Amino acid sequence: MVIDQSIISKITAEVLARVQEQNSSTSGQNGIFQTIDEATAAARQAHRQLRKLSLETREKLIQAMRDVSLENAVLLSEMAVKETGMGRVSDKILKNQLAASKTPGTEDLKTEAWTGDRGLTLVEMAPFGVIGSITPTTNPSETIINNGISMIAGGNSVVFSPHPTAKNTSLKTIGLLNEAIVKAGGPPNLLTAVAKPSLDSTNAMLKHPDINMLVATGGPAIVKIVMSSGKKAIGAGAGNPPVIVDETADLDKAAKDIMLGCSFDNNLPCIAEKEAIVLNCIADKLISNMQKHGGYLISGQDINKLMKVILTEKEENAAAGCTIKPKRTYMINKNFVGKDAKYILSKIGIDVPDTIRAIICETTEDHPFVLEELMMPVLPIIQVKNLDEAIELAISVEHGNRHTAIMHSRNVDNLTRYAKAIDTTIFVKNAPAYAGIGAGSEGYTSFTLAGPTGEGLTSARSFTRQRRCVLVDALSIV
Ligand code: NAD
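Residues numbered from 1 in each chain as written. Predicted model: local features only at pLDDT ≥ 70, side-chain atom pairs only at ≥ 80, totals over all residues. Heavy atoms only, no water.

Going by the annotation in an unreviewed UniProt entry, the name recorded for the chain is Aldehyde dehydrogenase EutE, with Desulforamulus aquiferis given as the source organism.

Here it is in C-alpha coordinates:
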(Lines give C-alpha, C1' and ligand atoms only; values in the text may rest on other atoms or scores of the structure.)
Protein backbone atom coordinates (compact mmCIF):
# COMPACT_ATOMS: atom_id res chain seq x y z
CA MET A 1 0.00 0.00 0.00
CA VAL A 2 1.35 3.45 -0.89
CA ILE A 3 0.80 6.18 1.67
CA ASP A 4 0.44 9.69 0.42
CA GLN A 5 3.26 12.03 1.54
CA SER A 6 0.73 14.65 2.68
CA ILE A 7 -0.94 12.11 5.02
CA ILE A 8 2.46 11.24 6.56
CA SER A 9 3.19 14.93 7.14
CA LYS A 10 -0.24 15.42 8.71
CA ILE A 11 0.21 12.44 11.05
CA THR A 12 3.74 13.59 12.00
CA ALA A 13 2.52 17.11 12.77
CA GLU A 14 -0.33 15.78 14.90
CA VAL A 15 1.96 13.41 16.87
CA LEU A 16 4.44 16.24 17.48
CA ALA A 17 1.68 18.57 18.65
CA ARG A 18 0.34 15.92 21.03
CA VAL A 19 3.82 15.19 22.46
CA GLN A 20 4.42 18.89 22.92
CA GLU A 21 1.07 19.37 24.64
CA GLN A 22 1.73 16.38 26.91
CA ASN A 23 5.19 17.66 27.81
CA SER A 24 3.97 21.14 28.63
CA SER A 25 1.15 19.87 30.84
CA THR A 26 3.00 17.08 32.61
CA SER A 27 6.11 19.11 33.33
CA GLY A 28 3.89 21.78 34.91
CA GLN A 29 4.78 25.37 35.60
CA ASN A 30 5.95 25.74 39.19
CA GLY A 31 3.57 23.03 40.33
CA ILE A 32 0.55 24.02 38.22
CA PHE A 33 -0.86 21.26 35.97
CA GLN A 34 -3.79 20.77 33.64
CA THR A 35 -5.37 17.78 35.40
CA ILE A 36 -5.59 16.33 38.91
CA ASP A 37 -3.96 13.13 37.61
CA GLU A 38 -0.90 15.09 36.50
CA ALA A 39 -0.79 17.22 39.67
CA THR A 40 -1.00 14.09 41.83
CA ALA A 41 1.62 12.15 39.84
CA ALA A 42 4.05 15.09 40.09
CA ALA A 43 3.40 15.49 43.84
CA ARG A 44 3.99 11.73 44.32
CA GLN A 45 7.31 11.97 42.48
CA ALA A 46 8.27 15.01 44.62
CA HIS A 47 7.34 13.12 47.79
CA ARG A 48 9.68 10.25 46.82
CA GLN A 49 12.50 12.75 46.33
CA LEU A 50 11.76 14.54 49.61
CA ARG A 51 12.00 11.20 51.47
CA LYS A 52 15.62 10.90 50.31
CA LEU A 53 16.61 14.29 51.76
CA SER A 54 17.84 14.83 55.32
CA LEU A 55 15.80 16.60 57.99
CA GLU A 56 18.41 19.35 57.88
CA THR A 57 17.68 19.91 54.18
CA ARG A 58 13.93 19.75 54.83
CA GLU A 59 14.39 22.56 57.35
CA LYS A 60 16.33 24.59 54.73
CA LEU A 61 13.41 24.23 52.32
CA ILE A 62 11.05 25.43 55.02
CA GLN A 63 13.26 28.46 55.73
CA ALA A 64 13.16 29.29 52.01
CA MET A 65 9.35 29.04 52.11
CA ARG A 66 9.25 31.40 55.10
CA ASP A 67 11.58 33.91 53.38
CA VAL A 68 9.72 34.01 50.08
CA SER A 69 6.37 34.37 51.87
CA LEU A 70 7.66 37.30 53.91
CA GLU A 71 9.17 38.93 50.80
CA ASN A 72 5.85 38.62 48.98
CA ALA A 73 3.43 39.28 51.86
CA VAL A 74 2.40 42.66 50.44
CA LEU A 75 2.02 41.38 46.88
CA LEU A 76 -0.08 38.37 47.94
CA SER A 77 -2.27 40.46 50.25
CA GLU A 78 -2.97 43.05 47.56
CA MET A 79 -3.71 40.30 45.07
CA ALA A 80 -6.13 38.54 47.43
CA VAL A 81 -8.13 41.69 48.22
CA LYS A 82 -8.26 42.65 44.54
CA GLU A 83 -9.23 39.18 43.35
CA THR A 84 -11.77 38.19 46.02
CA GLY A 85 -13.03 41.70 46.80
CA MET A 86 -12.80 40.82 50.49
CA GLY A 87 -10.69 41.84 53.48
CA ARG A 88 -8.15 44.56 54.31
CA VAL A 89 -4.70 44.61 52.72
CA SER A 90 -2.95 45.76 55.94
CA ASP A 91 -4.51 42.92 57.97
CA LYS A 92 -3.83 40.33 55.30
CA ILE A 93 -0.15 41.37 55.33
CA LEU A 94 -0.08 40.60 59.08
CA LYS A 95 -1.79 37.24 58.49
CA ASN A 96 0.68 36.24 55.77
CA GLN A 97 3.61 37.30 57.96
CA LEU A 98 2.15 35.32 60.85
CA ALA A 99 1.77 32.18 58.69
CA ALA A 100 5.34 32.57 57.38
CA SER A 101 7.03 33.15 60.72
CA LYS A 102 4.98 31.24 63.34
CA THR A 103 4.02 28.00 61.59
CA PRO A 104 6.16 25.28 63.24
CA GLY A 105 8.72 23.39 61.15
CA THR A 106 10.35 20.00 61.71
CA GLU A 107 10.94 20.78 65.42
CA ASP A 108 7.25 19.95 65.83
CA LEU A 109 7.96 16.26 65.16
CA LYS A 110 8.60 14.42 68.41
CA THR A 111 9.94 10.91 68.87
CA GLU A 112 8.89 8.75 71.82
CA ALA A 113 11.30 6.12 73.14
CA TRP A 114 11.16 3.22 75.61
CA THR A 115 14.40 1.65 76.77
CA GLY A 116 15.09 -1.14 79.24
CA ASP A 117 16.32 -4.68 79.72
CA ARG A 118 14.68 -5.81 76.48
CA GLY A 119 16.18 -3.12 74.26
CA LEU A 120 14.86 -0.01 72.51
CA THR A 121 11.47 0.85 71.07
CA LEU A 122 10.83 4.06 69.14
CA VAL A 123 7.68 5.70 67.87
CA GLU A 124 8.46 8.21 65.14
CA MET A 125 6.24 10.60 63.19
CA ALA A 126 6.27 9.53 59.54
CA PRO A 127 4.64 11.19 56.52
CA PHE A 128 1.27 10.20 55.07
CA GLY A 129 2.56 10.77 51.51
CA VAL A 130 0.54 12.99 49.19
CA ILE A 131 -2.02 15.17 50.97
CA GLY A 132 -5.01 16.78 49.26
CA SER A 133 -5.63 20.18 50.84
CA ILE A 134 -8.79 22.18 50.11
CA THR A 135 -8.34 25.87 50.93
CA PRO A 136 -10.77 28.76 51.52
CA THR A 137 -11.31 32.07 49.79
CA THR A 138 -11.10 33.98 53.08
CA ASN A 139 -7.40 33.20 53.79
CA PRO A 140 -6.11 31.99 50.43
CA SER A 141 -2.34 32.59 50.57
CA GLU A 142 -2.17 32.30 54.38
CA THR A 143 -3.65 28.79 54.36
CA ILE A 144 -1.35 27.64 51.54
CA ILE A 145 1.75 29.03 53.30
CA ASN A 146 0.68 27.53 56.62
CA ASN A 147 -0.41 24.13 55.24
CA GLY A 148 2.57 24.03 52.88
CA ILE A 149 5.10 24.51 55.69
CA SER A 150 3.32 22.13 58.09
CA MET A 151 2.76 19.37 55.55
CA ILE A 152 6.30 19.49 54.10
CA ALA A 153 7.74 19.62 57.64
CA GLY A 154 5.80 16.39 58.19
CA GLY A 155 7.56 14.91 55.12
CA ASN A 156 4.58 15.10 52.73
CA SER A 157 3.87 16.69 49.37
CA VAL A 158 0.56 18.47 48.71
CA VAL A 159 -2.02 18.75 45.96
CA PHE A 160 -3.94 21.95 46.72
CA SER A 161 -7.54 22.52 45.72
CA PRO A 162 -8.00 26.26 46.17
CA HIS A 163 -11.33 28.09 46.17
CA PRO A 164 -12.01 29.09 42.53
CA THR A 165 -12.68 32.73 43.54
CA ALA A 166 -9.13 33.00 44.91
CA LYS A 167 -7.51 31.06 42.06
CA ASN A 168 -4.85 33.56 40.97
CA THR A 169 -3.67 34.40 44.50
CA SER A 170 -3.56 30.72 45.44
CA LEU A 171 -1.68 29.61 42.30
CA LYS A 172 0.75 32.52 42.64
CA THR A 173 1.49 31.47 46.25
CA ILE A 174 2.05 27.84 45.20
CA GLY A 175 4.35 28.98 42.36
CA LEU A 176 6.45 31.24 44.61
CA LEU A 177 6.83 28.55 47.26
CA ASN A 178 7.85 25.91 44.68
CA GLU A 179 10.41 28.23 43.13
CA ALA A 180 11.93 28.93 46.54
CA ILE A 181 12.02 25.21 47.41
CA VAL A 182 13.84 24.34 44.17
CA LYS A 183 16.34 27.18 44.66
CA ALA A 184 17.06 25.86 48.14
CA GLY A 185 17.89 22.40 46.74
CA GLY A 186 14.50 20.71 47.02
CA PRO A 187 12.54 18.77 44.40
CA PRO A 188 10.09 20.48 42.03
CA ASN A 189 6.35 20.11 42.56
CA LEU A 190 6.25 19.51 46.32
CA LEU A 191 3.14 21.69 46.13
CA THR A 192 0.83 21.28 43.14
CA ALA A 193 -2.60 22.36 41.90
CA VAL A 194 -4.56 22.47 38.68
CA ALA A 195 -4.59 25.60 36.54
CA LYS A 196 -8.38 25.88 36.68
CA PRO A 197 -9.61 24.80 40.11
CA SER A 198 -13.33 23.95 40.20
CA LEU A 199 -15.78 21.82 42.16
CA ASP A 200 -15.15 19.09 39.57
CA SER A 201 -11.38 19.18 40.09
CA THR A 202 -11.88 19.10 43.88
CA ASN A 203 -14.14 16.09 43.50
CA ALA A 204 -11.56 14.36 41.28
CA MET A 205 -8.92 15.01 43.96
CA LEU A 206 -11.15 13.69 46.75
CA LYS A 207 -11.55 10.38 44.91
CA HIS A 208 -8.01 10.08 43.56
CA PRO A 209 -6.48 6.75 44.65
CA ASP A 210 -2.99 8.24 45.02
CA ILE A 211 -4.03 10.92 47.56
CA ASN A 212 -3.34 9.49 51.02
CA MET A 213 -4.98 12.08 53.24
CA LEU A 214 -7.50 14.92 52.88
CA VAL A 215 -7.55 18.24 54.71
CA ALA A 216 -10.46 20.68 54.31
CA THR A 217 -10.39 24.25 55.58
CA GLY A 218 -13.79 25.80 54.90
CA GLY A 219 -17.50 25.70 55.63
CA PRO A 220 -19.63 22.77 56.86
CA ALA A 221 -20.31 21.29 53.38
CA ILE A 222 -16.69 20.57 52.47
CA VAL A 223 -15.83 19.38 55.99
CA LYS A 224 -18.68 16.85 55.81
CA ILE A 225 -17.52 15.73 52.36
CA VAL A 226 -13.92 14.98 53.44
CA MET A 227 -15.07 13.32 56.65
CA SER A 228 -17.22 10.89 54.68
CA SER A 229 -14.59 10.29 51.98
CA GLY A 230 -13.28 7.00 53.35
CA LYS A 231 -9.75 8.48 53.55
CA LYS A 232 -7.92 9.78 56.60
CA ALA A 233 -9.33 13.31 56.87
CA ILE A 234 -8.87 16.49 58.85
CA GLY A 235 -11.77 18.92 58.86
CA ALA A 236 -11.42 22.59 59.88
CA GLY A 237 -14.88 24.09 59.78
CA ALA A 238 -17.00 27.16 60.47
CA GLY A 239 -17.18 29.13 63.69
CA ASN A 240 -19.50 31.79 65.15
CA PRO A 241 -17.41 32.99 68.11
CA PRO A 242 -19.31 34.67 70.97
CA VAL A 243 -17.50 37.15 73.22
CA ILE A 244 -18.83 37.62 76.77
CA VAL A 245 -18.07 40.73 78.83
CA ASP A 246 -18.86 40.64 82.55
CA GLU A 247 -19.03 43.39 85.19
CA THR A 248 -15.41 42.86 86.34
CA ALA A 249 -13.81 43.54 82.93
CA ASP A 250 -11.61 46.54 82.12
CA LEU A 251 -14.31 48.03 79.88
CA ASP A 252 -12.07 50.36 77.89
CA LYS A 253 -9.63 47.55 77.06
CA ALA A 254 -12.45 45.07 76.40
CA ALA A 255 -14.12 47.48 73.97
CA LYS A 256 -10.83 48.17 72.18
CA ASP A 257 -9.92 44.46 71.92
CA ILE A 258 -13.38 43.52 70.64
CA MET A 259 -13.31 46.27 67.99
CA LEU A 260 -9.81 45.19 66.88
CA GLY A 261 -10.76 41.51 66.79
CA CYS A 262 -14.13 41.79 65.06
CA SER A 263 -12.85 44.17 62.39
CA PHE A 264 -9.59 42.30 61.71
CA ASP A 265 -9.53 41.54 57.97
CA ASN A 266 -13.15 42.75 58.00
CA ASN A 267 -14.24 39.79 60.14
CA LEU A 268 -13.24 37.13 57.58
CA PRO A 269 -11.28 34.94 60.05
CA CYS A 270 -13.28 32.03 61.43
CA ILE A 271 -11.97 32.97 64.90
CA ALA A 272 -13.13 36.62 64.79
CA GLU A 273 -15.72 37.86 67.32
CA LYS A 274 -19.12 37.44 65.67
CA GLU A 275 -21.46 38.52 68.52
CA ALA A 276 -21.02 40.18 71.93
CA ILE A 277 -23.02 39.01 74.94
CA VAL A 278 -22.75 41.56 77.73
CA LEU A 279 -24.11 41.93 81.23
CA ASN A 280 -26.74 44.67 81.27
CA CYS A 281 -25.15 46.51 84.18
CA ILE A 282 -22.12 47.44 82.04
CA ALA A 283 -23.63 47.44 78.53
CA ASP A 284 -23.99 51.22 78.07
CA LYS A 285 -20.44 51.94 79.20
CA LEU A 286 -19.01 49.17 77.02
CA ILE A 287 -20.92 50.39 73.96
CA SER A 288 -19.76 54.01 74.44
CA ASN A 289 -16.17 52.70 74.70
CA MET A 290 -16.67 50.67 71.52
CA GLN A 291 -17.75 53.89 69.77
CA LYS A 292 -14.51 55.48 70.99
CA HIS A 293 -12.51 52.62 69.43
CA GLY A 294 -13.91 52.61 65.87
CA GLY A 295 -17.42 51.18 66.34
CA TYR A 296 -20.37 52.92 64.65
CA LEU A 297 -23.64 52.36 66.53
CA ILE A 298 -26.84 51.93 64.55
CA SER A 299 -30.34 51.33 65.88
CA GLY A 300 -34.03 51.13 64.96
CA GLN A 301 -34.83 51.42 61.25
CA ASP A 302 -31.14 51.45 60.31
CA ILE A 303 -30.81 47.88 61.59
CA ASN A 304 -33.74 46.82 59.41
CA LYS A 305 -32.23 48.62 56.42
CA LEU A 306 -28.91 46.87 57.03
CA MET A 307 -30.66 43.50 57.23
CA LYS A 308 -32.24 44.07 53.82
CA VAL A 309 -28.82 44.90 52.35
CA ILE A 310 -26.62 42.16 53.80
CA LEU A 311 -29.16 39.33 54.05
CA THR A 312 -31.70 37.80 51.70
CA GLU A 313 -34.81 36.57 53.42
CA LYS A 314 -36.66 33.42 52.40
CA GLU A 315 -39.89 32.07 53.81
CA GLU A 316 -40.17 28.31 53.88
CA ASN A 317 -43.66 26.72 53.74
CA ALA A 318 -44.90 29.95 52.21
CA ALA A 319 -46.66 28.27 49.28
CA ALA A 320 -50.26 29.29 48.63
CA GLY A 321 -52.71 27.28 50.71
CA CYS A 322 -50.00 26.02 53.11
CA THR A 323 -51.37 26.10 56.68
CA ILE A 324 -48.00 25.68 58.47
CA LYS A 325 -46.63 28.95 59.86
CA PRO A 326 -43.88 30.14 57.46
CA LYS A 327 -40.34 29.72 58.75
CA ARG A 328 -37.97 32.58 57.92
CA THR A 329 -34.46 31.72 56.80
CA TYR A 330 -31.71 34.09 55.79
CA MET A 331 -28.98 33.85 53.21
CA ILE A 332 -25.90 36.03 53.41
CA ASN A 333 -25.44 38.47 50.55
CA LYS A 334 -21.94 37.46 49.46
CA ASN A 335 -21.33 40.90 47.94
CA PHE A 336 -20.87 42.25 51.46
CA VAL A 337 -18.71 39.49 52.96
CA GLY A 338 -15.35 40.93 54.05
CA LYS A 339 -16.23 44.49 52.99
CA ASP A 340 -15.24 47.65 54.92
CA ALA A 341 -17.74 48.98 57.48
CA LYS A 342 -17.65 52.33 55.67
CA TYR A 343 -18.74 50.69 52.41
CA ILE A 344 -21.53 48.67 54.05
CA LEU A 345 -22.84 51.79 55.85
CA SER A 346 -22.82 53.76 52.61
CA LYS A 347 -25.39 51.29 51.24
CA ILE A 348 -27.88 52.37 53.94
CA GLY A 349 -27.17 56.04 53.35
CA ILE A 350 -24.70 56.61 56.20
CA ASP A 351 -21.40 58.30 55.47
CA VAL A 352 -18.60 57.74 58.00
CA PRO A 353 -14.86 58.47 58.14
CA ASP A 354 -12.24 55.78 57.39
CA THR A 355 -11.55 55.43 61.12
CA ILE A 356 -14.82 53.48 61.54
CA ARG A 357 -13.82 49.80 61.59
CA ALA A 358 -17.04 48.07 62.62
CA ILE A 359 -20.81 48.51 62.76
CA ILE A 360 -22.31 47.75 66.17
CA CYS A 361 -25.98 47.35 67.06
CA GLU A 362 -28.10 46.02 69.91
CA THR A 363 -30.28 43.06 68.89
CA THR A 364 -32.33 40.28 70.38
CA GLU A 365 -30.68 36.90 70.88
CA ASP A 366 -32.53 35.28 67.96
CA HIS A 367 -31.60 37.98 65.43
CA PRO A 368 -30.05 36.67 62.17
CA PHE A 369 -26.98 38.88 62.75
CA VAL A 370 -26.37 36.72 65.84
CA LEU A 371 -27.24 33.35 64.36
CA GLU A 372 -25.53 33.61 60.95
CA GLU A 373 -21.76 33.57 60.42
CA LEU A 374 -21.80 36.96 58.64
CA MET A 375 -18.04 37.38 58.06
CA MET A 376 -18.53 41.16 57.89
CA PRO A 377 -17.53 43.90 60.37
CA VAL A 378 -21.06 43.91 61.85
CA LEU A 379 -21.22 43.09 65.56
CA PRO A 380 -24.58 42.45 67.21
CA ILE A 381 -24.66 43.07 70.98
CA ILE A 382 -27.08 41.23 73.25
CA GLN A 383 -27.72 42.28 76.86
CA VAL A 384 -28.26 39.60 79.49
CA LYS A 385 -29.02 39.72 83.23
CA ASN A 386 -26.23 37.53 84.56
CA LEU A 387 -23.36 35.20 83.70
CA ASP A 388 -25.51 32.07 83.70
CA GLU A 389 -27.70 33.58 81.03
CA ALA A 390 -24.64 34.79 79.09
CA ILE A 391 -23.01 31.36 79.03
CA GLU A 392 -26.23 29.57 78.08
CA LEU A 393 -26.79 31.99 75.19
CA ALA A 394 -23.14 31.81 74.03
CA ILE A 395 -23.32 28.01 73.83
CA SER A 396 -26.55 28.18 71.87
CA VAL A 397 -25.42 30.76 69.29
CA GLU A 398 -22.07 29.01 68.79
CA HIS A 399 -24.19 26.21 67.27
CA GLY A 400 -22.08 23.40 68.71
CA ASN A 401 -19.14 24.20 66.42
CA ARG A 402 -16.86 24.18 69.50
CA HIS A 403 -14.59 26.51 67.51
CA THR A 404 -13.64 29.74 69.35
CA ALA A 405 -14.95 31.74 72.32
CA ILE A 406 -13.66 34.90 73.99
CA MET A 407 -14.24 36.50 77.40
CA HIS A 408 -13.33 39.80 79.03
CA SER A 409 -13.33 39.44 82.81
CA ARG A 410 -11.01 39.80 85.79
CA ASN A 411 -12.79 37.05 87.70
CA VAL A 412 -10.89 33.77 87.30
CA ASP A 413 -13.90 31.73 88.37
CA ASN A 414 -16.08 33.34 85.70
CA LEU A 415 -13.43 32.77 83.04
CA THR A 416 -13.08 29.14 84.06
CA ARG A 417 -16.84 28.54 84.11
CA TYR A 418 -17.32 29.87 80.59
CA ALA A 419 -14.23 28.11 79.18
CA LYS A 420 -15.36 24.75 80.60
CA ALA A 421 -18.98 25.14 79.55
CA ILE A 422 -18.43 26.22 75.94
CA ASP A 423 -15.60 23.71 75.39
CA THR A 424 -14.19 25.33 72.22
CA THR A 425 -10.91 24.55 70.42
CA ILE A 426 -9.75 28.11 71.19
CA PHE A 427 -10.66 30.16 74.29
CA VAL A 428 -9.21 33.68 74.52
CA LYS A 429 -9.13 35.67 77.74
CA ASN A 430 -8.89 39.49 77.77
CA ALA A 431 -7.53 39.92 74.24
CA PRO A 432 -8.77 40.13 70.65
CA ALA A 433 -9.81 36.73 69.26
CA TYR A 434 -6.80 36.65 66.94
CA ALA A 435 -4.55 36.15 69.98
CA GLY A 436 -5.89 32.58 69.78
CA ILE A 437 -3.79 31.92 66.67
CA GLY A 438 -0.58 33.36 68.08
CA ALA A 439 -1.02 37.00 66.91
CA GLY A 440 0.34 39.18 69.71
CA SER A 441 0.37 36.16 72.03
CA GLU A 442 2.47 33.12 72.91
CA GLY A 443 2.33 29.92 70.91
CA TYR A 444 2.51 28.88 67.28
CA THR A 445 0.04 29.76 64.55
CA SER A 446 -2.23 27.75 62.33
CA PHE A 447 -4.76 28.63 59.65
CA THR A 448 -6.37 25.19 59.76
CA LEU A 449 -8.13 24.83 63.11
CA ALA A 450 -9.51 21.35 63.19
CA GLY A 451 -12.37 21.27 65.68
CA PRO A 452 -14.58 18.63 64.04
CA THR A 453 -11.77 16.03 63.79
CA GLY A 454 -10.02 17.12 66.99
CA GLU A 455 -6.46 18.04 65.93
CA GLY A 456 -6.99 21.63 67.12
CA LEU A 457 -4.46 24.07 65.70
CA THR A 458 -2.85 21.82 63.10
CA SER A 459 0.93 21.67 62.71
CA ALA A 460 3.49 19.27 61.18
CA ARG A 461 2.64 16.50 63.65
CA SER A 462 -1.05 16.57 62.58
CA PHE A 463 0.05 15.41 59.12
CA THR A 464 2.03 12.37 60.26
CA ARG A 465 1.47 8.70 61.01
CA GLN A 466 2.95 7.06 64.06
CA ARG A 467 5.41 4.28 63.22
CA ARG A 468 6.96 1.96 65.80
CA CYS A 469 10.49 0.62 65.39
CA VAL A 470 11.64 -2.09 67.81
CA LEU A 471 15.15 -3.38 68.57
CA VAL A 472 15.23 -6.27 71.02
CA ASP A 473 17.99 -6.88 73.60
CA ALA A 474 20.33 -4.17 72.29
CA LEU A 475 21.07 -0.47 72.21
CA SER A 476 19.77 0.15 75.71
CA ILE A 477 22.53 1.35 78.01
CA VAL A 478 20.47 1.94 81.16
P1 NAD B 1 -16.27 27.31 51.48
O2 NAD B 1 -16.77 26.18 52.29
O3 NAD B 1 -17.20 27.97 50.54
O4 NAD B 1 -15.03 26.82 50.59
C5 NAD B 1 -13.90 26.19 51.16
C6 NAD B 1 -13.27 25.25 50.13
O7 NAD B 1 -14.14 24.13 49.93
C8 NAD B 1 -13.09 25.88 48.76
O9 NAD B 1 -11.90 25.42 48.18
C10 NAD B 1 -14.30 25.40 47.98
O11 NAD B 1 -14.05 25.37 46.60
C12 NAD B 1 -14.47 24.00 48.56
N13 NAD B 1 -15.85 23.51 48.52
C14 NAD B 1 -16.91 24.04 49.20
N15 NAD B 1 -18.01 23.30 48.98
C16 NAD B 1 -17.64 22.29 48.14
C17 NAD B 1 -18.34 21.19 47.54
N18 NAD B 1 -19.63 21.00 47.73
N19 NAD B 1 -17.62 20.34 46.75
C20 NAD B 1 -16.30 20.53 46.54
N21 NAD B 1 -15.60 21.56 47.07
C22 NAD B 1 -16.25 22.42 47.86
O23 NAD B 1 -15.65 28.36 52.50
P24 NAD B 1 -14.98 29.78 52.24
O25 NAD B 1 -16.04 30.79 51.95
O26 NAD B 1 -13.87 29.65 51.27
O27 NAD B 1 -14.36 30.05 53.68
C28 NAD B 1 -15.15 30.50 54.74
C29 NAD B 1 -15.61 29.38 55.63
O30 NAD B 1 -14.51 28.59 56.06
C31 NAD B 1 -16.23 29.92 56.91
O32 NAD B 1 -17.30 29.09 57.30
C33 NAD B 1 -15.10 29.86 57.91
O34 NAD B 1 -15.51 29.81 59.25
C35 NAD B 1 -14.41 28.59 57.49
N36 NAD B 1 -12.99 28.58 57.84
C37 NAD B 1 -12.57 27.74 58.82
C38 NAD B 1 -11.24 27.72 59.18
C39 NAD B 1 -10.74 26.81 60.27
O40 NAD B 1 -9.52 26.73 60.42
N41 NAD B 1 -11.59 26.15 61.03
C42 NAD B 1 -10.32 28.55 58.53
C43 NAD B 1 -10.78 29.39 57.52
C44 NAD B 1 -12.12 29.38 57.17
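Caption draft 1: Structural view of the packing of helix α3 (residues 55–71) against helix α7 (residues 167–183). Interhelical geometry of α3 versus α7 gives an angle of 135° and a closest axis separation of 8 Å. Relative to α7, the element α3 lies oblique. As for the relative orientation of α3 and α7, their crossing is right-handed in sense. On α7, the residues that touch L61, A64, M65, V68 and S69 of α3 are L176, L177, A180 and I181. Broken down by class, the residue content of the contact of α3 with α7 amounts to 8 nonpolar, 1 polar and no charged. (Axes fitted to C-alpha atoms, helices over the stretch in contact; angles between N-to-C directions. Helix = DSSP H or I, 4+ residues; strand = E, 2+ residues; numbered from the N terminus. Parallel < 35°, antiparallel > 145°, perpendicular 65-115°, else oblique. Left-handed = near helix turned anticlockwise from the far one by under 90°. Contact = heavy atoms within 4.5 Å. Nonpolar A, V, L, I, M, F, W, Y, C, P; charged D, E, K, R; others polar.)

Caption draft 2: Up close: the state of the cysteines. Using the criterion set out here, one finds 0 disulfides in the structure. Of the cysteine sulfurs around C262, a residue in no disulfide, the closest is that of C361, at 11 Å. Residue class for C361 comes out buried when judged on its relative accessible area of 0%. (Disulfide = S-S within 2.5 Å. Buried < 20%, exposed > 50% of the residue type's maximum accessible area, 1.4 Å probe, protein only.)

Caption draft 3: Structural context of the layout of surface pockets. In this structure, the largest pocket occupies an estimated 1300 Å³ of space. Grouping the amino acids of the lining of the largest pocket by side-chain chemistry returns 23 nonpolar, 22 polar and 4 charged. Domain assignment of the residues forming the lining of the largest pocket places at least three in each of domain 1 (29–237 + 459–469) and domain 2 (242–442). In this structure, the second largest pocket is lined by R51, L55, R58, T106, L109, K110, T111, E124, M125, A126 and P127. (1 Å grid on protein atoms, 1.4 Å probe; cavity = no way out; pocket = protein on both sides within 12 Å on 5 of 7 lines; lining within 4 Å. Points joined across faces, edges and corners; volume = space filled by probe spheres on them. Domains from an automatic or database assignment.)

Caption draft 4: Spatial organisation of the site of the ligand. Every one of the 28 residues lining the ligand counts as a neighbour, but T135, T137, G219, E373 and L449 are closest to it. Here T137 contributes a backbone N or O atom positioned 2.8 Å from an oxygen atom of the ligand. G219 places a main-chain nitrogen or oxygen 2.8 Å from an oxygen atom of the ligand. Burial of the ligand by the protein chains amounts to 86% of its free accessible area of 840 Å². When atoms are counted within 2 Å of each cavity's grid points, the one that captures over half of the ligand is the largest pocket. Looking at the shell around the ligand, the elements that each hand over two or more residues are β4 (130–135), β5 (157–162), α8 (199–207) and α9 (220–227). (Near = heavy atom within 4 Å. Polar contact = N/O pair within 3.5 Å; in protein donor to acceptor, adjacent residues only side chain to side chain. Areas by Shrake-Rupley, 256 points an atom, 1.4 Å probe, with all protein chains shown as cover. Sits in = over half its atoms within 2 Å of the grid points.)

Caption draft 5: A look at the packing of helix α6 (residues 140–153) against α7. One can describe the packing of α6 onto α7 by two numbers: an axis separation of 8 Å at closest approach and a directional angle of 35°. Crossing geometry of α6 relative to α7 is assigned as right-handed. Across the interface between the two elements, P140, S141, I144, I145 and I152 from α6 touch T169, S170, T173, I174, L177 and I181 from α7. For the contact of α6 with α7, the per-class residue count stands at 7 nonpolar, 4 polar and no charged.

Caption draft 6: Focus on helix α5 (residues 89–102). Spanning 14 residues, α5 covers 20 Å between terminal C-alpha atoms, matching the ideal 20 Å at 1.5 Å per step. Every buried residue of α5 is listed here: D91, K92, I93, K95, N96, L98, A99 and A100. Tucked into the core, α5 has its buried residues touching α3, α4 (73–84), α6 and α10 (251–263). (Expected span 1.5 Å × (residues − 1).)

Caption draft 7: Focus on the packing of aromatic side chains. Within the structure shown, the criterion is met by 3 aromatic pairs. Centroid distance F264 to Y434: 4.8 Å. Interplanar angle 50°. Geometry classified as tilted. Placement of the pair is F264 in the loop between α10 and β10 (275–279) and Y434 in the loop between β17 (426–429) and β18 (449–450), with a sequence separation of 170 residues. Judged by its relative accessible area of 11%, F264 is buried. Relative accessible area serves as the criterion here: at 17%, Y434 is assigned to the buried category. Against the face of W114 rests R468, its NZ or CZ located 5.7 Å from the ring centre. (Phe/Tyr/Trp six-rings, centres within 6.5 Å; stacked < 30°, edge-to-face > 60°. Lys NZ or Arg CZ within 6 Å of the ring centre and 35° of its normal.)

Caption draft 8: Molecular detail of the side chain of T173. Take T173: it is sitting in helix α7. The class for T173 is buried, based on a relative accessible area of 1%. Here the side chain of T173 touches T169 through a polar contact of 2.6 Å, landing on its backbone oxygen. For T173, the residues in contact, after removing those within four places along its chain, are L76, S141, I144 and I145.

Caption draft 9: Region of the structure containing the domain arrangement of the chain. Segmentation of the chain into domains returns domain 1 (29–237 + 459–469) and domain 2 (242–442). Spacing between the C-alpha centres of domain 1 and domain 2 amounts to 32 Å. With 12 residues of domain 1 in contact, the opposing surface of domain 2 contributes 19 residues. Buried area between domain 1 and domain 2, both sides added, is near 1200 Å², and the carbon and sulfur share of it is 50%. Looking only at domain 1, the three residues that lose the most surface to domain 2 are R88, D91 and L98, adding up to 39% of its buried area. Connecting domain 1 to domain 2 are 3 salt bridges. Note that D265 and K92 form a salt bridge whose closest N and O atoms lie 2.9 Å from each other. Applying the counting criterion to the domain 1 and domain 2 interface returns 11 residue pairs in polar contact (both at pLDDT 80 or more). Taken together, the residues that form the side of domain 1 that touches domain 2 break down as 3 nonpolar, 4 polar and 5 charged. (Buried area = accessible area lost by both parts, 1.4 Å probe. Salt bridge = Lys/Arg side-chain N within 4 Å of Asp/Glu carboxyl O.)

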